[in-house]
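An overview of the molecular structure
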Amino acid sequence: MSCEAKRCGVRFSPPSIVLMYVHTDTKKMRKRIIPVRNFSKYSDCSVAAERLKNHPRHRDYLRQVPQSQLEKLHIILRDHMQGSSLEDILASFRLDPEEDLNKLDDEELARKKGQMDRLFERNRKRTDDPDFVYDLEVEFDKSNQEKCSWDEESDDEF
Amino acid sequence: MADDVGSIPELDQKKYDADEQVKIICLGDSAVGKSKLMERFLLDEFRPQQLSTYALTLYKHKATVGSKTVAVDFWDTAGQERFQSMHPSYYHKAHACIMVFDVQRKITYKNLANWYKELREYRPEIPCCVVANKIDADLKVTQRSFSFAKKQGLPFYFVSAADGTNVVKMFREMIKRAVDYKLNPSDFMDEVMEELENFDLEKKEENSEADENGLSKPPQQPGSTLRLIRPARVRDQTFSGNSNSLAFESSDCVAMTRKSKDNR
Ligand SMILES: Nc1nc2c(ncn2[C@@H]2O[C@H](COP(=O)(O)OP(=O)(O)O)[C@@H](O)[C@H]2O)c(=O)[nH]1
Ligand SMILES: [Mg+2]
């Protein structure tokens, strides 16, 4: 079985994870609904995500889906079980560049990191990419660099 | 035997005195990408040792510098950074420091000043660099100059843990500088700490446990010069002879004690 994961999401009732993928041979888009079992509002989402990622029946389909994303989907399911609205749940993941992430507890931080992971995974070069270069070096021209606005108001701060 | 100020029982920090051992620490706010940078540099070698009791992750690496093989221990924080301060043992005997910020979040850049201040209280002279991570998110930032590194006279790197830009270059240069520093140290913090410990032991001679603590050096003259060069933070510590308990006695070990409670 060979497939390419495209998108994933959740279905609240019954609690499931939904995966859209393209079958490599037939090039057809398909939907796979994976019921989330043995999962309650008290469950550990990171454990549940790992369990699902390694599930013998689903792991081939989920190979390209980062575990952090599965964890995020489980968090959404769990928050919903705890009575939060979808809007509030999604807001808890939203990144605010002004927010001081040092102030968050483990789980709140994991949410933000899960969100950051989307861009990280998109831009990520993996060792099995044909053009992967371990010690990639890029020189950035310093001669016409402009001053960063972050330095402005606080010239004497440092 | 447990080490003096670096009193983490699982970790004998004395090993960092050996020529072929260096310790490199990472500093920076939560989620700037410290751990991702480590992972990108180490790739398959990546086998961290989690010391969750101490909110600490250790990565071991073998490097070749010139003709020498060096064992590098990278110390990465696992949550301690959220207290905006690290336990003294984190800095203890470090030979170099990698300070990271996130080019997408100004606050992490502004906080570099605090991290740098704390670093210099413990390690006034060790090589240090400033790393601007996540440039893949917005390559335009590389056309900007960030003055903090320049002002402090520190090397500056634009990197991305995601696509790998300049990650290996930065780590290799820092390992080299750590080794150079070790061969040619320009500060005496560790020595000072050892003297202090002996001094304290001497005071507590009545119920001395000196042998048990493996501190066999003859007691030093309690010289006043030593006191003068003690940095402010160190001065507030309790340098008791019982090194195992030290981590939990000192006033600013909030991160470790809290974390360890969580884990019990
Ligand atoms: N786009 C992008 N995201 C990154 C990069 N490095 C780290 N991240 C993201 O930032 C999040 C936090 O990184 P992490 O290494 O856990 O930060 P730490 O708390 O400083 O150890 C990760 O989950 C990634 O999603 C990078 O180079 N580019
Ligand atoms: Mg980390």
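Rules and cut-offs
- Along every chain, residues carry numbers that run from 1 in the direction the sequence is written.
- The order in which chains are written sets their letters, starting at A; the order in which ligands are written sets their numbers, starting at 1.
- Predicted model: local features are reported for residues with pLDDT of at least 70 only, side-chain atom pairs are reported and counted for 80 or more only, and whole-chain, interface and lining totals are derived from all residues.
- Heavy atoms from the whole structure form the basis of all side-chain values; hydrogens and water molecules are not counted.
- The classification of residues rests on relative accessible area computed with a 1.4 Å probe and restricted to protein chains. Under 20% of the type maximum is buried, over 50% is exposed, and intermediate values are partly exposed.
- Think of it this way: any DSSP run of H or I at least four residues long counts as a helix, any run of E at least two long counts as a strand, and we number them from the N terminus.
- Two residues qualify as a contact provided that any one of their heavy atoms is within 4.5 Å of a heavy atom in the partner residue.
- What pLDDT expresses is the predictor's confidence in each residue, scored from 0 to 100.
- Pairing between strands is defined by DSSP: at least two bridges between the two strands are required.
- With axes taken as lines fitted to C-alpha atoms, and helix axes fitted only over the stretch in contact, angles between N-to-C directions fall between 0 and 180 degrees.
- Where each domain starts and ends follows an automatic or database-derived domain assignment.
- For any pair of parts, buried area is found by adding up, for both, the accessible area (1.4 Å probe) each one loses once the two are put together.
- Salt-bridge detection follows one rule: a side-chain nitrogen of Lys or Arg within 4 Å of a carboxyl oxygen of Asp or Glu.
- Think of a polar contact as two N or O atoms within 3.5 Å of one another; within protein, one of them needs to be a possible hydrogen donor and the other a possible acceptor, and neighboring residues in sequence only count if both atoms come from side chains.
- Charged residues are taken to be Asp, Glu, Lys and Arg, nonpolar residues to be Ala, Val, Leu, Ile, Met, Phe, Trp, Tyr, Cys and Pro, and polar residues to be all remaining types, Gly included.
- Method remark: on a 1 Å grid restricted to protein atoms, a set of points is classed as a cavity if a 1.4 Å probe fits but cannot get out and as a pocket if it is open with protein on both sides within 12 Å along at least five of seven lines; lining residues have an atom within 4 Å of a point.
- Grid points are joined across faces, edges and corners, and a volume is the space filled by probe spheres set on the points.

**Considering helix H1 (residues 34–42) of chain B**
All names here are of chain B. Among the residues of H1, Lys-34, Leu-37, Met-38, Arg-40, Phe-41 and Leu-42 are the ones counted as buried. Looking at the buried positions of H1, the neighbouring elements they touch are strand E1 (21–27), strand E3 (56–65), strand E4 (68–77), strand E5 (96–102), strand E6 (128–133) and helix H6 (167–183). Count one or two residues on from H1 and you reach Leu-43, which has phi positive near 45°.

**Points about the confidence of the model for chain B**
Residue and element names in this part refer to chain B. Summing up the model confidence of chain B, the mean pLDDT is 75 and the portion of residues at 70 or higher is 66%. Low pLDDT, under 50, characterises residues 198–264; the predicted model gives this stretch 95 contacts beyond four residues in sequence or across chains. Here the complex is predicted with pTM 0.72, and the ipTM for its interfaces comes to 0.70.

**Re the sheet that holds strand E2 (residues 49–51) of chain B**
All names here are of chain B. Here seven strands make up an open sheet; going across it, the order is E2-E3-E4-E1-E5-E6-E8 and the pairing mixed. With partners counted over all chains shown, the strands left at the sheet margins are E2 and strand E8 (156–158), one partner each. Recorded for the sheet is a direction-independent mean angle of 25° between the axes of neighbouring strands. Note: E2 against E3, three bridges, orientation antiparallel. Opposite Leu-51, over in E3, you have Leu-56 as the bridge partner. Seen against the sheet, H1 touches E1, E3, E4, E5 and E6 and runs at an angle of roughly 155° to E4.

**Description of the domain arrangement of chain A**
All names here are of chain A. Assigned domains of chain A: these are domain 1 (1–84) and domain 2 (89–123). For domain 1 versus domain 2, the distance between C-alpha centres works out to 20 Å. Across the boundary between the two partners, domain 1 contributes ten residues, which contact nine residues of domain 2. When domain 1 packs against domain 2, close to 820 Å² is buried across both sides, 63% of that on carbon and sulfur atoms. Considering only the surface of domain 1 that becomes buried against domain 2, Ser-68, Lys-72 and Ile-75 emerge as the three largest contributors, covering 49% of it. The interface formed by domain 1 and domain 2 contains two salt bridges. Between Glu-107 and Arg-78 there is a salt bridge, with its nearest N and O atoms 2.7 Å apart. Between the two partners, domain 1 and domain 2, sit four residue pairs in polar contact (both at pLDDT 80 or more). Class assignment for the residues of the side of domain 1 that touches domain 2 results in three nonpolar, three polar and four charged.

**Considerations on the interface of chain B and chain A**
How big an interface is tends to be stated in terms of accessible area lost as the parts join. Of the residues lining the interface, 47 residues belong to chain B; the matching set on chain A comes to 39 residues. Taken together, the connections running from chain B to chain A amount to four salt bridges. A:Glu137 serves as the salt-bridge partner of B:Lys169, at 4.0 Å between the closest nitrogen and oxygen. At the junction of chain B and chain A, the tally comes to 20 residue pairs in polar contact (both at pLDDT 80 or more). Elements with a contribution of two residues or more to the side of chain B that touches chain A: H1, E5, helix H3 (106–110), strand E7 (144–145), helix H5 (147–152) and H6 of chain B. Pairing of strand E4 (residues 146–147) of chain A with E7(B), which is carried by two bridges, proceeds in the parallel orientation. Along E7(B), the bridge assignment pairs A:Glu146 with B:Arg144.

**Focus on the layout of surface pockets**
Residues and elements named next belong to chain A. The calculated volume of the second largest pocket comes to roughly 610 Å³. Lining the second largest pocket we find 22 residues, and of these Lys-6, Arg-7, Cys-8, Gln-69 and Arg-118 sit closest to its centre. When contributions to the lining of the second largest pocket are tallied by element, the ones reaching two or more residues are strand E1 (3–11), helix H3 (67–81), helix H4 (86–93) and helix H5 (106–123). It is E1 that provides the largest number of residues to the lining of the second largest pocket, a total of seven residues.

**Some words on unusual backbone geometry**
For the bond from A:Ser13 to A:Pro14, the omega torsion is -5°, close enough to zero to count as cis. As for its position among the elements, A:Pro14 is in the loop between E1 and strand E2 (16–23). Although it is not a glycine, B:Gln84 sits at a positive phi angle of roughly 55°. Relative to the elements of secondary structure, B:Gln84 occurs in the loop between E4 and helix H2 (88–91). Look at B:Gln84 and you get partly exposed, because its relative accessible area is 31%.

**A short note on the environment of B:Phe101**
With respect to the helices and strands, B:Phe101 occurs in strand E5. Put simply, B:Phe101 and B:Tyr16 are 85 residues apart on the chain and 27 Å apart in space, counted from C-alpha to C-alpha. Excluding its chain neighbours within four sequence positions, the residues that come into contact with B:Phe101 are A:Trp150, B:Val32, B:Thr108, B:Tyr109, B:Leu112, B:Val130, B:Val131, B:Ala132, B:Asn133, B:Phe146 and B:Phe156.

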